[in-house]
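Topology and contacts: notes
The lines below spell out each chain.
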Amino acid sequence: AAVATTPLDVLRTQMLLAGNTIDELPDVARGIWQSGGAVAFFAGWTPRLLWNGFVVGVTLGLVRQSYADVRAMFLLGILDKLELTASSWSTLLEQGKLLG
């Protein structure tokens, strides 16, 4: 997606730098095409791709870490309840109250 949207980013950047309006978009696109051809629309795709890859990697890592933390808290809560239930049963068995 980063590479596919690079031409739009190039157009937007050129328009912002020149102070053009949206009505001048075709003229700006024509100027970019005449000055550098199709390659000019993909200027800067490598750093953009690297940056987006880094951001996505960090985001997914943080989400995965948060998921692991939430999962651990949830499972620990369940395991604590099971442990209390098991200890209650063993106490009742030891005291002989369960068997009558």
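Fair warning: this is a prediction, and the values are worked out from it, not measured in the lab.

On to the overall build of the chain. A tally of helices and strands in the chain yields 3 helices and 0 strands. Reading the chain from its N end, one meets helices and strands in the order α-α-α. Looking at the 100 residues of the chain, the share that counts as buried comes to 10%. Partitioning the intrachain contacts of the chain with sequence separation of at least 6 by distance along the chain shows that 50% fall at a separation of at least 24. A total of about 8100 Å² of accessible surface is found on the chain, and carbon and sulfur atoms cover 68% of it.

A word on the packing of aromatic side chains. Scanning the entire structure with this criterion turns up 2 aromatic pairs. Ring geometry for Trp33 and Phe41: centres 6.3 Å apart, planes at 40°, overall tilted. We classify Phe41 as buried; its relative accessible area is 12%.

Between its first and last C-alpha, helix α1 (residues 6-18) extends 18 Å over 13 residues, near the 18 Å set by a 1.5 Å rise per residue. Of all the positions in α1, only Thr6, Pro7, Val10, Leu11 and Met15 are classed as buried. Immediately beyond the C-terminal end of α1, within one or two residues, lies Gly19, with a positive phi of roughly 75°.

Mapped onto the elements of the fold, Ala1 is located in the segment before α1. Spatially, the C-alpha atom of Ala1 lies 9.3 Å from that of Asn52, the residues being 51 residues apart in sequence.

The full count for this structure, using the stated rule, is 3 salt bridges. Linking Arg48 and Asp9 is a salt bridge whose minimum nitrogen-to-oxygen distance equals 3.9 Å. Taken as a pair, Arg48 in helix α3 (residues 45-95) and Asp9 in helix α1 lie far apart in primary sequence, 39 residues in all. On the accessibility criterion, Arg48 (23% relative accessible area) is partly exposed. The partly exposed category is assigned to Asp9, whose relative accessible area is 22%.

Definitions and cut-offs
The written sequence of each chain sets the order in which its residues are numbered from 1. Confidence filtering applies because this is a predicted model: local features only for residues at pLDDT of at least 70, side-chain atom pairs given and counted only at 80 or more, and all residues used for totals across whole chains, interfaces and linings. The side-chain values count all of the structure's non-hydrogen atoms but skip hydrogen atoms and water molecules. The way it works is that DSSP assigns letters per residue, a run of H or I at least four long becomes a helix, a run of E at least two long becomes a strand, and they are numbered from the N terminus. Only protein chains enter the accessibility calculation, which uses a 1.4 Å probe; a residue whose area is less than 20% of its type maximum is buried, one above 50% is exposed, and one in between is partly exposed. By the convention used here, residues are in contact when the closest approach between their heavy atoms is within 4.5 Å. Reported accessibility uses the Shrake-Rupley method at a 1.4 Å probe radius. Residues are deemed covered only where the shown protein chains occlude them. Each aromatic pair joins two rings of Phe, Tyr and Trp (for Trp, the six-membered one) with centres within 6.5 Å, and gets the label stacked for planes under 30 degrees apart, edge-to-face for over 60, and tilted for any other angle. The span one expects for a helix is its residue count, reduced by one, times 1.5 Å. In the sections that follow, a salt bridge refers to a side-chain nitrogen of Lys or Arg positioned within 4 Å of a carboxyl oxygen of Asp or Glu.

Spatial relationships are all this shows, so hold off on functional conclusions.
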